[in-house]
Amino acid sequence: MTPATLQTSPVTGAASATWDAIIIGAGMSGLYQQIRLRELGMKVRVFEAGTGVGGTWYWNRYPGCRFDSESYSYGFSFDKELLQEWSWSEHFAPQPETERYLNLVADKYDLRRDIQFSARVKAARWDEVDRLWTVTLDSGSRHRSRFLITAIGALSAPTMPDFPGMDAFEGEAYHTGLWPKTPVDFTGKRVAVIGTGASGVQTIQEVAKAAAQLTVFQRTPNWCAPLHNGRIPPEEMAAIRARYDEIFRRCDETFSCFLHTPDPRNTFDVSAEEREAFLEKLYSERGFGIWVGNFKDILTNRAANEEISRFVADKIRQRVKDPKVAELLIPKNHGFGTRRVPLETRYYECYNQPNVALVDTRATPIERITPTGIRTSDAEYGFDIIVYATGFDALRGAFDRIDFTGRDGVALKEKWQGGATSLVGMLQDGFPNMFMLLGPHTALGNIPRSIEFNVDWVTRLLRHLQENSLTYAEARPDAVARWMDHVMEVAQGLLSMEVDSWMTGVNRNVAGRQTRVVARYTGSAPTYRAWANGIADRGYAELVLA
Ligand code: N01
């Protein structure tokens, strides 16, 4: 599809411009999709709510924010020149570095000229007569395109609790996922952090270094494990550069695109001594190995899961001096790895510091935010700063915040009332020419690897349309049903399905997200890719093309 071949027809109250494709979002997926669509000769417009590129790495500027994936497994793999030019300073790079990296990509490919910043998309409506999407921004301006690509992320819709009195707090208050660009100074301040997920854990470790007093409000402890970050000296970076092909090949082969992959043995295949030694080794190694490189049955076999949970609980007991605090930090309602494991750097040791206190909000719930701090059922605390590390309306939240209307005037929210559906997470019947780069039920894991695959898949489909003079693609309902059967099937037997978390679609701060659902694809990334590639290889028989 070139601009010249794009059919436009005048519409009443015509929109300001017509594009071959509109991309919503200038994070990693939006940027890479923009590059690929330009290669197809498409006229592309990107709308981005922020004032800069980077998505997750633009919005999440909280102190201590960094990768949990090894840096060199996270960057884009498509540009070999860039791989040779760029140096990661740490095994798990901090947010400012990743933001710089994504800005470099935007500069290198001159992407900003087609990105409209401070442009939040409010609605997108399929126009059946013209076969075009009309996208409406918050400002009221309207834009039309043949194709609509959502690059809006899986964890990008921050959610706040609704404690009474929040608006009346007289100090500073921040959500980790909407962090200001100007640095927040914690030195000598009384600080509250509410929430102990991956964002909360990273924030706590950092704030504990500067605050006069840090009080952590924990509702559910998570099983955290050491990150073992470290600097990458130039000679090691040179060695990594020489291994990039091998690194990305490995990511392609593993279950969730990390460098780690499950050990082929089951937990009880080995002697107790051998098991302990293996777990010790994992606990002393970098990254997610202890979660996704562990015995292959820890997330499906209850006894195996109890064994790894016992091991990590003992570590917490060894690291936290006050046994009562240690017990509060050990999860009791879910096993290790059944929720996302936050990786940490001296997180547990923070609780040995005299300036750090832990409040269990299950025992003493937060009753209200007062003008000067927080009141729980048994105490009143004074704070200068409150940090809400309260997470996101994950997976479908970013979709629900835009009014998507598809064929026959059906709203996406209505379509997803009984639960989100999709074909390989990227297409939805009733929503022609709309492609979701990180839609529900796409493979997640080490996300840039999934992004590159999904963008390439969408690009291949668009090239197919272009080469065959087609302008319309929509998933067939029976293909969606078959994919959803597969999604449901692979989730069977996973211990994580018995636990509330964003991974099972639960967010107590959002209406309609109180019960567990199969919210994400839990099969392996290679299986996911085989399924998606099969659709393309069979000539898109699962799609209506016209
Ligand atoms: O969000 P979360 P997150 N009262 O939903 C608590 C990715 N990520 O932003 O568990 C009291 O995990 C809530 O308590 P509970 C990563 O995939 C990656 O931390 O609901 N507490 C929980 O403790 C991650 O999993 C990286 O009982 C309240 C916390 O807030 C995902 O993003 C870094 C509350 C929310 O935790 C989300 O992580 C950061 C209330 N009313 C994030 N409401 C890296 O790669 C909520 N909570 C490193």
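Analysis parameters
Residue indices follow the written sequence of each chain, beginning from 1 at its first position. Where totals are concerned, whole chains, interfaces and linings use all residues; where local detail is concerned, this predicted model gives features only for residues with pLDDT of at least 70, and gives and counts side-chain atom pairs only at 80 or more. By convention in this description, side-chain values take in all heavy atoms of the structure and omit both hydrogens and water. Put simply, DSSP marks the helices as runs of H or I at least four residues long and the strands as runs of E at least two long, and each gets a number from the N terminus on. Here the globule rule reads 2.2 Å times residues to the power 0.38, and the radius of gyration is calculated from C-alpha atoms. Any two residues having at least one pair of non-hydrogen atoms within 4.5 Å are treated as being in contact. Note that accessible areas follow from Shrake-Rupley with a 1.4 Å probe, and for residues the cover is restricted to the protein chains shown. The axes used here are C-alpha line fits, helices contributing only the stretch in contact, and every angle between their N-to-C directions lies in the interval 0 to 180 degrees. If an angle is under 35 degrees, it is roughly parallel; if it is over 145, roughly antiparallel; if it lies from 65 to 115, roughly perpendicular; otherwise it is oblique. Note: crossing handedness is left-handed where the near helix turns anticlockwise from the far helix by less than a right angle, and right-handed where it turns clockwise. In this classification, Asp, Glu, Lys and Arg are treated as charged, Ala, Val, Leu, Ile, Met, Phe, Trp, Tyr, Cys and Pro as nonpolar, and every other residue, Gly included, as polar. In this scheme, strands are said to pair when DSSP sees at least two bridges between them. Multiplying one less than the number of residues by 1.5 Å gives the expected span of a helix. Working definition: with a 1.4 Å probe on protein chains only, accessible area under 20% of the residue-type maximum means buried, over 50% means exposed, and in between means partly exposed. In these notes, a set of buried Ala, Val, Leu, Ile, Met, Phe, Trp, Tyr and Cys residues joined through side-chain atoms within 4.5 Å is what counts as a nonpolar core. Every definition here rests on a 1 Å grid over the protein atoms only: cavities are sets of points where a 1.4 Å probe fits but cannot get out, pockets are open sets enclosed by protein on both sides within 12 Å along at least five of seven lines, and lining residues have some atom within 4 Å of a point. Grid points are joined across faces, edges and corners, and a volume is the space filled by probe spheres set on the points. Any residue with at least one heavy atom within 4 Å of a molecule or strand is counted as near it. Residues adjacent in sequence count toward polar contacts only when both atoms are side-chain atoms; beyond that, a polar contact is any pair of N or O atoms within 3.5 Å, and within protein one must be able to donate a hydrogen and the other to accept it.

Enquirer: What is the right way to read the overall build of the chain from this model?
Expert: Looking only at helices and strands, the chain features 18 helices and 20 strands. Compactness check: the chain gives a C-alpha radius of gyration of 24 Å against a globular reference of 24 Å for 546 residues, within 12% of the reference. For the chain, the C-alpha atoms occupy an extent of roughly 70 × 55 × 50 Å along the three principal directions. Expressed as a percentage of contacts within the chain between residues at least 6 apart in sequence, the contacts between residues at least 24 apart total 71%. Per element, the accessible surface of the chain, about 21,600 Å² overall, is 51% carbon and sulfur.

Enquirer: How should the packing of helix H9 (residues 272-284) against helix H11 (residues 302-319) be read in this particular structure?
Expert: Describing two packed helices takes the angle between their axes plus the distance from one axis to the other. Contact geometry for H9 and H11: axes closest at 11 Å, N-to-C directions at 60 degrees. Taken together, the axis directions place H9 and H11 in an arrangement best described as oblique. You can see that H9 and H11 cross each other, and the crossing is right-handed. Between H9, through Arg 275, Glu 276, Leu 279, Glu 280 and Tyr 283, and H11, the contact on the second element is made entirely by Glu 307, Ile 308, Arg 310, Phe 311, Lys 315 and Arg 319. Grouping the amino acids of the contact of H9 with H11 by side-chain chemistry returns four nonpolar, no polar and seven charged.

Enquirer: Please explain the sheet that holds strand S14 (residues 373-376) as it appears in this structure.
Expert: Picture the strands of a sheet paired through backbone hydrogen bonds; they go either parallel or antiparallel. On the basis of which strands lie adjacent, the open sheet formed by three strands has the order S13-S14-S15 and antiparallel pairing. Lying at the two open borders of the sheet, with one neighbouring strand each, are strand S13 (366-370) and strand S15 (380-382). Across the sheet, the mean angle separating the axes of adjacent strands is 20 degrees when strand polarity is ignored. In terms of strand pairing, S13 meets S14 through four bridges, oriented antiparallel. Paired with Arg 368 across the bridge in S14 is Arg 375.

Enquirer: When you look at helix H18 (residues 525-537) in this model, what are you seeing that I'm missing?
Expert: Since the α-helix advances by 3.6 residues per turn, residues separated by three or four positions end up pointing in the same direction. Taking 1.5 Å as the rise per residue, H18 with 13 residues should run 18 Å; its terminal C-alpha atoms sit 18 Å apart, in good agreement. All of the buried residues along H18 are Ala 525, Tyr 528, Arg 529, Ala 532, Gly 534, Ile 535 and Ala 536. The secondary structure elements touched by the buried residues of H18 are helix H8 (244-253), helix H16 (447-467), helix H17 (477-491) and strand S20 (543-545). Looking one or two places after H18, you find Gly 539, whose phi comes out positive at around 75 degrees.

Enquirer: What is the right way to read H16 from this model?
Expert: Taking 1.5 Å per residue as the helical rise, H16 with its 21 residues ought to reach 30 Å, and the 30 Å between its terminal C-alpha atoms agrees with that figure. Among the residues trailing H16, Ser 469 stands out with phi positive, at a value near 50 degrees.

Enquirer: Honestly, the nonpolar core in this entry has me stumped. Any pointers?
Expert: The tendency in soluble globular proteins is for nonpolar side chains to be buried as a group. One finds Trp 88, Leu 214, Tyr 351, Leu 423, Trp 457 and Leu 462 to be the most contacted residues of the largest nonpolar core, which totals 135 residues. A per-element tally of this core places H16 first, with eight residues. Discounting chain neighbours no more than four positions away, the residues touching Leu 423 are Ala 475, Ala 479, Val 480, Trp 483, Ile 535, Glu 542 and Leu 543. By size, the runner-up hydrophobic cluster in this structure holds 24 residues, among which are Val 121, Ala 124, Leu 137 and Trp 416.

Enquirer: Explain empty space enclosed by the protein to me, please; I cannot follow it from the model alone.
Expert: Gaps left between atoms show up when a probe the size of a water molecule is rolled over them. Counted according to the given criterion, the structure contains three cavities of 30 Å³ or more. Lining the largest cavity, in full, are Gly 75, Phe 76, Leu 82, Leu 83, Trp 86, Trp 88, Tyr 101 and Tyr 244. Considering only residue class, the lining of the largest cavity consists of seven nonpolar, one polar and no charged.

Enquirer: How do you make sense of the site of the ligand when you look at a structure like this?
Expert: Contacts to the ligand come from 24 residues, most closely from Ser 199, Arg 219, Thr 220, Arg 339 and Trp 502. One of the backbone N or O atoms of Asp 68 is found 3.5 Å from an oxygen atom in the ligand. At a separation of 3.2 Å, an oxygen atom of the ligand approaches a polar backbone atom of Ala 389. In the complex, the protein chains occlude 85% of the 910 Å² of accessible area that the ligand would expose alone. Tallying contributions element by element places helix H6 (residues 198-210) first for the shell around the ligand, with three residues. For the shell around the ligand, the class distribution of residues is ten nonpolar, nine polar and five charged.

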